[in-house]
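Take a look at the letters that make up each chain.
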Amino acid sequence: MPDDRPGDATGAGVLRSEPGSLLEHVSVAVFGIDEDDRICYWGPGAQDLFGHDSAAVLAGPASVLFPDTPQDGPRPSVLLAERARTLGYWRGRFPAVQRDGTVFRCGFRVFPMTGSMGRSFVMGLASRSDELDRVKTNLAFLDALFETCPIGLVMLDENLRYVHLNQALAEMDGLPVEDHLGRSVEEVMVTSDGGEFLRLMRSVAGEGGPVIGTLVGLRTPGRPDRDQVRSVSMFPLSQAVGSRPGLGGLMVDVTEREQAILEATAARQRLDLLDRATARIGTSLDVNVTAQELVEAAVPDFCDASVVELVDWMDESLPYDPQLPLITHRIASGTVLPPPAPELVSGLETVTYPPGSRIHRVVETGRPISFPVNEDFATTTALHQARARLLLDSGLTCILIAPLIARGTVQGLTMFGRSAARPAFTEQDLSLAGELSSRAALCLDNARLYSQVQDIALTLQRALLPTSLDASPYVQVAHRYVPGSRVTEVGGDWYDVIDLSDDRVALIVGDVMGHGVRAAADMGRLRITTETLARHNEQPDALLTELDVCAQEAGIELATCVYIVYDARSGRARIANAGHPPPFVLHSDGTVETIGGCLGVPLGVGGHPFGTTEIELPEGATLALYTDGLIEARGRDIDEGADRLRAELSRASGPLEEEADRILARLLPDPPDDDTVLVLARIRRVA
């Protein structure tokens, strides 16, 4: 050990304890005292601790390191040397003094040594007592931490083998402390993440950054039947001199907390799904649209595939017989799974389930039930072997079937399917499916009842409209009636062509305000009354006056009508209008004329006279009569619609039947907003 010689500007620097330990930040001063109580070595850290450089103290008295002592007592330096030589090694504390006179408590470790020339001396190591006390406190805290801390603590080497751990972690693993030591982490913490957690630990051990609070799912050999979730924090261990790298870790069992969070999250997700479904299902009174809304609300948020089927009850009053086949009509389907799942859910419209199937069980109990998709389920549910194989190959692993119950009767079924990528259906999922189906069943039943009423109204309207119009050699007619969409109630639109005496022809188009069966019935009454009156009233205004009285007597509050009588001998037409959109005349040169000037109040208002206007129609002119459904639509002004109709009429040059179809295709939205009537009448004169 070389000396610092007198005259050196600086010492050899601060000597600290081994890096990586709790002593890392404790300064250690190294010095030597010879047999004459003089300083013979001034090593690293001595100048920092005592404040003297080597030139000032080497060969000087060792007493310079200590405060003055009473005359009758031995000097501390002498006591240190004496105890070192007597005991071979001694440690203790003495007051020390710095160069500026500051006295501080100092801990000393001394032991005898023999120099290169055979001379003996005492080697001393000195550190401030407050720093030593701090280290001792930290060591005591560390010991207590490993003994009493309820958090799992572990130290691993660079190969991720257990070096040290506390009892809390041992109990967490279900293995004694000694059964951990020397074993690798992957032997004790069995994860199913493909080695991701081990890669993370190796990264930290290789002087990577710390990881805080990462969640790890695992099992241990000591608790093989219990899935655990742990919150793991890891940090690299500093490499002490001569030691190998590793890492330290803290582990907290958060299985119950995470399970509660997962359950609470799942509950929130179910409520959110129910809220979204409630807002989405039932926006239409169309049965098929409502069923598809249910499927779209469930896929993919709740399941991977879904179908909605209506049961084909021959007679709802008859008791249910599970020994008979069950026939359903599939009206909606959807899936996010690859083929052959799309073919499975959408390949059939009519489905027959054999007696004793799982479907029968759901219908019989009226409760949602979940079934695993296996050979038994497939063969007892699918009527044909090919469909059973398609079900098994679809990727579905479980199916939840919920009845659609309305008015106390199972009206249909909803099926929800999940693949292996999702967990199986739980009791909470059964409840959610039941709630979804219950709400959807009410919407579907409302839509079904509405459809029935619509069908009745439409059937009545079609029965009351003319199946064929009177033929006349002087008027060629193309007529169209287009009902509104399924979401729009049937209106009261009507039309007629009546062949009168003396080469005259009457053309009528009307519209009863309102919708449904009542409007259809009122329309039929007005049409029949008009046909009767037309044969006895020569003047159109007189006919509308009589028709207005009939409307008031029948309780028809509002109806519009345009009535035209064409005389083929004179080529003139007389027109009366009760609040109806004005007809157009298309001339042979392509110009379109509006027949106005005779607009009266609608029928049913009463108290207002009607007028008649008369115009001359040239040979080959075409009359266009229509209802407001043709020119009025959402987002479009009625005047704009009338302009579009005039423009389409001006381009008409082909046969009337083709032109009628073309005009409707160009002007009507898809689906139509309202019922629409269009009558095109091409005029000829008597030769």
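Preceding this section is the structure that the text describes.
What you are looking at is a predicted structure, and each value in this text was computed from that prediction instead of being measured. Every chain's residues receive numbers from 1 upward, in the order its sequence appears when written. Local features are withheld for residues below a pLDDT of 70 in this predicted model, meaning they are given only at 70 or higher, and side-chain atom pairs are given and counted only at 80 or more; totals for whole chains, interfaces and linings count all residues. Values reported for side chains reflect all heavy atoms of the structure, with hydrogen atoms and water molecules removed beforehand.

(A) Highlighting the overall build of the protein chain. Here a helix means four or more residues in a row that DSSP labels H or I, a strand means two or more in a row labelled E, and each is numbered from the N terminus. What the protein chain contains, in helices and strands, is 18 helices and 29 strands. Taken across its 687 residues, the protein chain has 46% of its residues classed as buried. A separation of at least 24 residues holds for 60% of the contacts in the protein chain among residues at least 6 apart in sequence. Each accessible area is a Shrake-Rupley result for a 1.4 Å probe, and residues are judged covered by the shown protein chains and nothing else. Counting only carbon and sulfur atoms, one obtains 53% of the accessible surface of the protein chain, whose full area is about 33,200 Å². Buried, partly exposed and exposed residues are distinguished by accessible area as a fraction of the type maximum, computed with a 1.4 Å probe on protein chains only: under 20%, between the cut-offs, and over 50%, respectively. Note on definitions: a residue-residue contact is assigned when non-hydrogen atoms from the two residues lie within 4.5 Å.

(B) Inspection of the pairing of strand 17 (residues 396-406) at higher detail. Burial within strand 17 is extensive, with 9 of its 11 residues counted as buried. Only when DSSP finds a minimum of two bridges between them are two strands counted as paired. In the sheet, strand 16 (residues 369-372) pairs with strand 17 via 4 bridges, with the strands oriented antiparallel. Looking across to strand 17, one finds that Pro-372 is bridged to Cys-398. Where strand 17 and strand 18 (residues 409-419) come together, 10 bridges link them in antiparallel fashion. Within the sheet, the bridge partner assigned to Pro-403 lies in strand 18 and is Leu-413. Between strand 17 and strand 18, which pair antiparallel one after the other, the connecting turn spans 2 residues, and Arg-407 there sits at a positive phi close to 55°.

(C) Just the sheet that holds strand 10 (residues 211-220), in detail. In spatial order, the strands read 8-7-12-11-10-9; together these 6 strands make up an open sheet with antiparallel pairing. Edge positions in the sheet fall to strand 8 (162-165) and strand 9 (190-191), since each of these pairs with one other strand and no more. Looking at chain direction, strand 10 and strand 11 (residues 223-237) are connected through 7 bridges and run antiparallel. Directly across from Thr-214, in strand 11, lies its bridge partner Val-232. The axes used here are C-alpha line fits, helices contributing only the stretch in contact, and every angle between their N-to-C directions lies in the interval 0 to 180 degrees. Sitting on the sheet, helix 7 (residues 196-205) touches strand 7 (152-157), strand 9, strand 10, strand 11 and strand 12 (246-253), and the angle it makes with strand 11 is about 20°.

(D) Representation of the packing of aromatic side chains within the structure. Any pair of Phe, Tyr and Trp rings, taking the six-membered ring for Trp, is counted once the centres come within 6.5 Å. Such a pair is stacked with planes under 30 degrees apart, edge-to-face with planes over 60 apart, and tilted for the rest. Summed over all chains, the structure comprises 12 aromatic pairs. Where Trp-90 meets Phe-94, the ring centres are 5.9 Å apart and the plane angle is 50°; that geometry is what we call tilted. Exposure class is identical for Trp-90 and Phe-94. Each is buried. The interplanar angle of 20° and the centroid separation of 5.6 Å between the aromatic rings of Phe-584 and Tyr-626 together place this pair among those described as stacked.

(E) Examining the sheet that holds strand 25 (residues 592-594) more closely. The strand order 19-29-28-24-25 describes an open sheet built from 5 strands, whose pairing is antiparallel. This sheet does not close on itself; its edge strands, each paired only once, are strand 19 (475-482) and strand 25. Strand-to-strand twist in this sheet, taken as the mean axis angle between neighbours without regard to direction, amounts to 20°. As paired strands, strand 24 (residues 584-586) and strand 25 are joined by 3 bridges and run antiparallel to one another. Bridging across to strand 25, Val-585 finds its partner in Glu-593. On the sheet, helix 17 (residues 638-650) packs against strand 24, strand 25, strand 28 (622-626) and strand 29 (676-683) and is oriented at approximately 20° with respect to strand 24. Contacting strand 19, strand 28 and strand 29, helix 18 (residues 656-667) crosses the sheet at an angle of about 30° to strand 19.

(F) Summary view of the pairing of strand 7. Among the 6 residues in strand 7, 5 count as buried, and that is most of the element. As paired elements, strand 7 and strand 12 share 6 bridges and run antiparallel to each other. Directly across from Asp-157, in strand 12, lies its bridge partner Gly-246. Where strand 7 and strand 8 come together, 3 bridges link them in antiparallel fashion.

(G) Just the nonpolar core, in detail. Ranked by size, the top nonpolar core spans 29 residues in total, and within it Phe-302, Val-308, Leu-400 and Phe-416 carry the most contacts. Counting only elements with at least two residues in this core, the list comes to helix 8 (255-280), helix 9 (287-298), strand 17 and helix 14 (427-464). Sort the elements by how many residues they give to this core and helix 14 lands first, with 8 residues. Those residues in contact with Leu-400, other than ones at most four positions away along the chain, are Phe-302, Pro-368, Ile-369, Ser-370, Thr-414, Met-415, Phe-416, Phe-425, Asp-429, Leu-430 and Ala-433. Residues grouped as a nonpolar core are buried Ala, Val, Leu, Ile, Met, Phe, Trp, Tyr and Cys residues, joined through side-chain atoms within 4.5 Å. Within the second largest apolar cluster, 28 residues are counted, among which are Val-351, Ala-378, Ala-382 and Ile-401.

(H) Summary view of the side chain of Thr-627. With respect to the element layout, Thr-627 can be found in the loop between strand 28 and helix 17. Polar contacts here mean pairs of N or O atoms no more than 3.5 Å apart (in protein, one a potential hydrogen donor and the other a potential acceptor; neighbouring residues in sequence count only if both atoms are side-chain atoms). Reaching out from Thr-627, the side chain makes a polar contact with the backbone nitrogen of Val-677 at a distance of 2.9 Å. In contact with Thr-627, other than residues within four places in its own chain, are Asp-493, Val-509, Gly-510, Asp-511, His-580, Asp-675, Thr-676 and Val-677.

(I) Quick look at the environment of Glu-256. In this structure, Glu-256 sits in helix 8. We classify Glu-256 as exposed; its relative accessible area is 67%. Residues Glu-256 and Val-229, spaced 27 residues apart in sequence, show a C-alpha to C-alpha distance of 8.3 Å.

(J) Fine view of the pattern of salt bridges. A side-chain nitrogen of Lys or Arg and a carboxyl oxygen of Asp or Glu constitute a salt bridge if their distance falls within 4 Å. Applying the stated rule across the entire model yields 29 salt bridges. A salt bridge links Arg-230 to Asp-173, with the shortest nitrogen-to-oxygen separation between them at 2.5 Å. One end of the pair, Arg-230, is in strand 11; the other, Asp-173, is in helix 5 (residues 167-173), and 57 residues separate them in sequence. Arg-230 sits in the buried class, given a relative accessible area of 0%. The class of Asp-173 is buried, set by a relative accessible area of 0%. For the salt bridge of Arg-685 with Glu-616, the shortest nitrogen-to-oxygen distance reads 2.7 Å. Of this pair, Arg-685 sits in the segment after strand 29 while Glu-616 is found in strand 27 (residues 613-616), placing the two residues 69 residues apart along the sequence. For Arg-685, a relative accessible area of 26% gives the class partly exposed. Look at Glu-616 and you get partly exposed, because its relative accessible area is 47%.

(K) Representation of unusual backbone geometry in the model. Cis rather than trans, the peptide bond between Val-299 and Pro-300 has omega equal to 5°. Examined against the element boundaries, Pro-300 turns out to sit in the loop between helix 9 and strand 13 (305-311). Note the cis peptide between Pro-339 and Pro-340, where omega equals 10°. Examined against the element boundaries, Pro-340 turns out to sit in the loop between strand 14 (326-335) and helix 10 (341-346).

(L) Fine view of a nonpolar patch on the surface. The grouping of Ile-151, Phe-235, Leu-250 and Val-252 at the surface amounts to a nonpolar patch, some 270 Å² of accessible area in total. Tracing the backbone through its elements, the reader meets Phe-235 in strand 11. Residue classification places Phe-235 among the partly exposed positions, given a relative accessible area of 36%. For patch building, the residue pool is restricted to those with more than 30% relative accessible area and no salt bridge; the joining distance is 9 Å between like charges and 5 Å between nonpolar side chains (Val, Leu, Ile, Met, Phe, Trp, Tyr).

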